[in-house]
Amino acid sequence: MTQARFYHAGCPVCVSAEQTLLNLLAPEVKVEIVHLGEQATRVTEAEQAGVKSVPALVVDGQVLHLNFGASIDDLK
């Protein structure tokens, strides 16, 4: 089973990307949603995964930067 983690900051760009992604992905893909605006302690985790900006989807170690909502540096 593919596991994915979607990082976002809660901005309109991020929320829209989240909804679009969840509707597009197959049901067997489990996506953990990480709202970095509410879970600031996980910013370091996102950085270590290679996230440079949000919204971003990390799948099997690959980072997919979807759009530009905010820089990871702005979330620190």
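Thresholds, definitions, all that
- Residues numbered from 1 in each chain as written.
- Predicted model: local features only at pLDDT ≥ 70, side-chain atom pairs only at ≥ 80, totals over all residues.
- Heavy atoms only, no water.
- pLDDT = per-residue confidence, 0-100.
- Helix = DSSP H or I, 4+ residues; strand = E, 2+ residues; numbered from the N terminus.
- Pairing = 2+ DSSP bridges.
- Axes fitted to C-alpha atoms, helices over the stretch in contact; angles between N-to-C directions.
- Contact = heavy atoms within 4.5 Å.
- Expected span 1.5 Å × (residues − 1).
- Buried < 20%, exposed > 50% of the residue type's maximum accessible area, 1.4 Å probe, protein only.
- Arc of directions from axis to C-beta.
- Salt bridge = Lys/Arg side-chain N within 4 Å of Asp/Glu carboxyl O.
- Core = buried A, V, L, I, M, F, W, Y, C linked by side-chain atoms within 4.5 Å.

To continue, consider the confidence of the model for the protein chain. Across the protein chain, the average pLDDT comes to 90, with 99% of residues at or above 70. Of all helices and strands in the protein chain, the one with the weakest mean pLDDT is helix α1 (residues 12–24) (89), whereas helix α2 (residues 43–49) scores best (96).

This next bit is on the sheet that holds strand β4 (residues 62–71). Read from one edge of the open sheet, four strands run β2-β1-β3-β4, paired in mixed fashion. Sheet topology places β2 (30–35) and β4 at the edges, where each strand pairs with a single neighbour. Along the sheet, successive strands turn relative to each other by an average axial angle of 15 degrees, direction set aside. Docked against the sheet, α1 engages β1 (3–8), β2, β3 (53–59) and β4, running at close to 160 degrees with respect to β1.

Next up on the list: α1. In an α-helix, one turn spans 3.6 residues; hence positions three or four apart end up facing the same way. When the terminal C-alpha atoms of α1 are compared, their 18 Å separation across 13 residues agrees well with the 18 Å that a helix rising 1.5 Å per residue should span. Restricting attention to buried positions, one finds in α1 the residues Cys14, Ala17, Glu18 and Leu21. Projected down its long axis, α1 shows its buried positions confined to an angular sector of 105 degrees, all on one face. Among the exposed residues of α1, those oriented more than 90 degrees off its buried face are Pro12 and Asn23. Those residues of α1 that are buried lie in contact with β1, β2, β3 and β4.

Overall, the coordinates contain six salt bridges when judged by the stated rule. The closest approach of N and O atoms between Glu32 and Arg5, which form a salt bridge, is 2.8 Å. On the criterion of sequence distance, the pair formed by Glu32 in strand β2 and Arg5 in strand β1 is long-range, its members being 27 residues apart. Using a relative accessible area of 30% as the deciding quantity, one classes Glu32 as partly exposed.

In this section: the nonpolar core. In terms of nonpolar packing, the biggest core is built from 14 residues, with Tyr7, Leu36, Ala46, Val51, Val54, Ile72 and Leu75 touching the most fellow members. Mapped by element, the contributors of at least two residues to this core are α2 and β3. The element that contributes the greatest number of residues to this core is β3, accounting for three residues. Here Ala46 is in contact with Tyr7, Leu36, Val51 and Ile72, once residues within four sequence places are set aside. Core analysis: the second largest hydrophobic core is formed by five residues, Ala4, Phe6, Ala17 and Leu21 among them.

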